[in-house]
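Understanding the architecture of this molecule
Residue strings, one per chain:
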2 protein chains.
Amino acid sequence: MSKARRATMSDVAREVGVTAKTVSRVVNGEGPVSAETRARVLEAMDRLGFQPNLMARNMRVGARDSTVGLVIPDMGNPFFGTVAGGIEGAVRPRGLTLLVGSSEETAEGERSLISTFLARRVTALLVVPSADSDHHPLRAERAAGLPIVFLDRPPNRLTADCVVSANREGARSGVAHLIAHGHRRIAFVGDLSTLYTRRERFQGYRDALAKAGIPLDRALVETGHDHEAAAAAVVRLLARKDPATAVFAANNFAATGVVLGLARLRRRDVALVGFDDLPLAEVLEPALTVVAQDSAAIGKAAAELLMARLDGDRSRARTVEVPTRLIVRGSGEMPPTV
Amino acid sequence: MSKARRATMSDVAREVGVTAKTVSRVVNGEGPVSAETRARVLEAMDRLGFQPNLMARNMRVGARDSTVGLVIPDMGNPFFGTVAGGIEGAVRPRGLTLLVGSSEETAEGERSLISTFLARRVTALLVVPSADSDHHPLRAERAAGLPIVFLDRPPNRLTADCVVSANREGARSGVAHLIAHGHRRIAFVGDLSTLYTRRERFQGYRDALAKAGIPLDRALVETGHDHEAAAAAVVRLLARKDPATAVFAANNFAATGVVLGLARLRRRDVALVGFDDLPLAEVLEPALTVVAQDSAAIGKAAAELLMARLDGDRSRARTVEVPTRLIVRGSGEMPPTV
DNA sequence: TTGTAAGCGTTATCAA
DNA sequence: TTGATAACGCTTACAA
């Protein structure tokens, strides 16, 4: 019962009294097979619950699997969900199936997941790198013609196609927006500083401050990698003797956390601009001003890069930067409390 | 360049001057290999960028792949992201890798994704069924010993393990809560009625009404499968001559949409209870009362069922119901406007 | 219209 | 400690 071996083509063939090759023909709808034989084979396949072994097929054919592997850092972050949706919509018409795994934001998780995909001979590989991962070992795969595209964050120690948001410019514009509304004590709440997106957005923050002649105050730079951490950061930022009058939250979790923190403090006088939009942004009070990323477009761009490579594009690695968009809703336009 | 063949064990072996079997021993850290041979093999592997072909290995070993396949309807829904996270946390310690694909809520997408997983000989299969899918064809796989667990929604035409939320009872308690606060015109905004979860939650809604002696008014039952559809539904519900004084939103998208709709109408006098919690629920005004699902627990329970099967549990199919929890925050306690 | 032989990349078995 | 041979399930090339 438990050792019930799975039916193979030979099993089906024996059942019907033909050869495996004939079953193969029926399965692949290829070559000439008499209607009667075909019917008998189909019947036996159904009766035995035959499922072709794609591993064996792919091995023989030498063809790659019709699967695209995607490595993301976190299944729970809707940003990556939307990115994945964008990819899927683009590769599906081509008959490719997207399979997603999570690295849990660790280099080891990422390495082992990539290995899993490579060992299964995916048609192409999409990776959102986790901090500190090294992509140098992938050079052989790339040389062997495997399309590899990095998303959201660039590869480390490897030149390859890459799609990212306009992080620096987007952050700059968001912070400049706060400055334009009179703020000079603007806090930055972001991920761990090892992350590429955090570094870029932090640079944009510095660019905006510099342009306005505002010195960087390290005391206003906080880390909030999840909701509660960001909420706690806000409490600290506002408890200072010289508190922040505005906050730039550098990702969706940070923005959510800052909103939570401010609400718990019953503070409605602190300006806020978030990076990445939230579904409920417009109903918050005040409504949340954000630098919106086009996450679906990021996925789509990556998928298109990938498919161009599959179609034989051998040009050098490209980096696509997807623009962001400032959405003004209220929270970013409040003046500083004097 | 483009046809660069991938290095095989034989390639590595030839390079070093040994046999494929020796390389195999090194790769699998099995059997006796001299330290020197091992070093030379490892060096050659690295130089050639050798990646073992798992398809070939699995085929030979006859072993199942160390992969668990998960089919979800929608990558963009954070509920499924959290469920996936719960599964991953439970199967990873066992050395299993979770691979996720999206059916886009279509029976065909689900069928083809399941086929993809079966053809790749996953160790186990996890499925969130889409509406109208038929799982009868999976009976042979189940008989062959493949653990199959359904999540969030039960299988159709197949008896199998299943993990669901206490949908009916949860919805009943949410609606009863509104009734306890004086409401009698309570609207229901949910998914398409073909969906299991929608049907169950609707039953819970009816149960609560019946218990209170309130007749069901079909005019108060609306469909809102995404944010905007739910927002539009609210507008209709409140525009009636005999409008709803409270709304029960039967899933997270519907709840978000209802909140959006109410905010756009500037209506703060309509009571609301949502099914499934939202990250920003506590900061809404009024804060959102919800029937919270434990999505991570659903994933974990499914993973545990699955692993028990892998460990040889042959008992009959079980259905696990994960309890929900009413979280009172304000929106559900508002009295009806007279 | 169907069958035979060989081989894809790996590992089990047994021998050296 | 290492190698030769066969086999996993399937498809290609060729023959019947």
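Residues numbered from 1 in each chain as written. Chains lettered and ligands numbered in written order. Predicted model: local features only at pLDDT ≥ 70, side-chain atom pairs only at ≥ 80, totals over all residues. Heavy atoms only, no water.

Per an unreviewed UniProt entry, chain A carries the name LacI family DNA-binding transcriptional regulator and comes from Streptosporangium longisporum.

Considerations on the overall build of chain A
On a plain count of helices and strands, chain A comes out with 12 helices and 12 strands. The proportion of buried residues among the 338 residues of chain A is 53%. Pairs at least 24 residues apart make up 68% of the contacts formed inside chain A by residues separated by at least 6 positions. About 14,100 Å² of surface is accessible on chain A, with carbon and sulfur atoms providing 53% of the total. Averaging the locations of the 45 positively and 38 negatively charged side chains of chain A gives two centres separated by 4 Å. (Helix = DSSP H or I, 4+ residues; strand = E, 2+ residues; numbered from the N terminus. Buried < 20%, exposed > 50% of the residue type's maximum accessible area, 1.4 Å probe, protein only. Contact = heavy atoms within 4.5 Å. Areas by Shrake-Rupley, 256 points an atom, 1.4 Å probe, with all protein chains shown as cover. Lys, Arg positive; Asp, Glu negative; His and termini not counted. Charge placed at Lys NZ, Arg CZ, Asp CG, Glu CD.)

A short note on the protein's contact with DNA strand D
Taken together, 27 residues form the shell around DNA strand D, and within it A:M9, A:K21, B:T19, B:T22 and B:T37 come nearest. Each atom of DNA strand D within 4 Å of the protein belongs either to a base or to sugar and phosphate, the latter forming 61%. Here A:S24 contributes a side-chain N or O atom positioned 2.7 Å from a phosphate oxygen of DNA strand D. Of the residues forming the surface near DNA strand D, the biggest block, 5 residues, is contributed by helix α4 (residues 54-61) of chain A. (Near = heavy atom within 4 Å. Polar contact = N/O pair within 3.5 Å; in protein donor to acceptor, adjacent residues only side chain to side chain.)

Re the pattern of salt bridges
For the structure on display, the rule yields 53 salt bridges over all chains. Between B:E108 and B:R111 there is a salt bridge, and its shortest N-O distance comes to 3.0 Å. Taken together, the residues B:E108 and B:R111, both in helix α6 (residues 107-119) and 3 residues apart, mark about one turn of the helix. Using a relative accessible area of 47% as the deciding quantity, one classes B:E108 as partly exposed. Residue classification places B:R111 among the partly exposed positions, given a relative accessible area of 47%. The network of salt bridges with common partners includes A:D161, A:R309, A:D313 and A:R318. (Salt bridge = Lys/Arg side-chain N within 4 Å of Asp/Glu carboxyl O.)

Side note on the UniProt feature "domain: HTH lacI-type" (unreviewed entry) in chain A
Mapped onto this numbering, the UniProt entry annotates "domain: HTH lacI-type" (unreviewed entry) at residues 7-61 of chain A. Between the end C-alpha atoms of residues 7-61 of chain A the distance is 21 Å, and the span holds 69% helix and 0% strand. (UniProt positions renumbered as here; feature names shortened; annotations may be inferred.)

Considering the packing of α4(A) against helix α4 (residues 54-61) of chain B
At a closest axis distance of 9 Å, the pairing of α4(A) and α4(B) adopts a crossing angle of 125°. Judged by the angle between their axes, α4(A) and α4(B) are oblique. For α4(A) against α4(B), the interelement crossing comes out left-handed. Note on element contacts: α4(B) touches α4(A) through B:M55, B:A56, B:N58 and B:M59, opposite A:M55, A:A56, A:N58 and A:M59. In the contact of α4(A) with α4(B), the residues fall into 6 nonpolar, 2 polar and no charged. (Axes fitted to C-alpha atoms, helices over the stretch in contact; angles between N-to-C directions. Parallel < 35°, antiparallel > 145°, perpendicular 65-115°, else oblique. Left-handed = near helix turned anticlockwise from the far one by under 90°. Nonpolar A, V, L, I, M, F, W, Y, C, P; charged D, E, K, R; others polar.)

Some words on the sheet that holds strand β6 (residues 186-190) of chain A
All names here are of chain A. Pairing in this open sheet of 6 strands is mixed, and the strands run β7-β6-β8-β9-β10-β12 from one edge to the other. With one partner strand each, in any of the chains shown, β7 (221-223) and β12 (325-327) form the two edges of the open sheet. Going across the sheet, the axis of each strand differs from the next one's by a mean of 20°, ignoring polarity. Running at roughly 170° to strand β9 (residues 271-275), helix α8 (residues 167-180) makes contact with β6, β8 (246-249), β9, β10 (289-292) and β12 of the sheet. Each of β6, β7 and β9 touches helix α9 (residues 196-211); the most contacted strand, β6, lies at about 170° to it. (Pairing = 2+ DSSP bridges.)

So, the pairing of strand β5 (residues 161-165) of chain B
Residue and element names in this part refer to chain B. Across the 5 residues that make up β5, a large majority, 5, are buried. Here β5 shows two buried faces, one formed by D161, V163 and S165 and the other by C162 and V164. Here strand β4 (residues 148-151) pairs with β5 via 3 bridges, running parallel. Bridge pairing in β5 places F150 opposite C162. Judged from the 4 bridges that link them, β5 and strand β11 (residues 319-322) form a sheet pairing that is parallel. Considered in β11, the bridge of V163 is made with V320.

A few points about the packing of aromatic side chains
Any pair of aromatic rings gets described here by the distance separating the centres and the angle formed by the planes. With the rule as written, the count across this model stands at 10 aromatic pairs over all chains. Seen from their ring centres, B:F188 and B:F248 are 6.1 Å apart, and the 35° between their planes marks the pair as tilted. In this pair, B:F188 sits in strand β6 (residues 186-190) while B:F248 sits in strand β8 (residues 246-249), placing the two residues 60 residues apart along the sequence. With respect to class, B:F188 is no different from B:F248; both count as buried. Pairwise contacts between aromatic rings join A:F188, A:F202, A:Y205 and A:F248 into one cluster. Taking NZ or CZ as reference, A:R201 lies 4.0 Å from the ring centre of A:F275, over its face. (Phe/Tyr/Trp six-rings, centres within 6.5 Å; stacked < 30°, edge-to-face > 60°. Lys NZ or Arg CZ within 6 Å of the ring centre and 35° of its normal.)

A look at the relation of the copies chain B and chain A
Superposing chain B onto chain A requires a rotation of 180° together with a translation of 0.1 Å along the rotation axis, leaving an RMSD of 0.2 Å. Here the symmetry operator amounts to a two-fold rotation axis. The fraction of interface residues of chain B whose copies in chain A are also interface residues reaches 98%, indicating that both copies meet through the same surface. (Least-squares fit on C-alpha atoms with pLDDT ≥ 70 in both.)

Overview of empty space enclosed by the protein
Scanning the model with the defined rule gives 3 cavities of 30 Å³ or more in all. In this structure, the largest cavity encloses a volume near 120 Å³. Along the wall of the largest cavity there are 19 residues; nearest its centre are A:M75, A:G81, B:I72, B:M75 and B:G81. At the level of secondary structure, the elements contributing two or more residues to the lining of the largest cavity comprise α5 (78-91) of chain A together with α5 (78-91) of chain B. Grouping the constituent residues of the lining of the largest cavity by class yields 12 nonpolar, 6 polar and 1 charged. Approximately 80 Å³ is the volume attributed to the second largest cavity. Every residue lining the second largest cavity is listed: A:D65, A:T67, A:L99, A:F117, A:R120, A:V122, B:D65, B:T67, B:L99, B:F117, B:R120 and B:V122. (1 Å grid on protein atoms, 1.4 Å probe; cavity = no way out; pocket = protein on both sides within 12 Å on 5 of 7 lines; lining within 4 Å. Points joined across faces, edges and corners; volume = space filled by probe spheres on them.)

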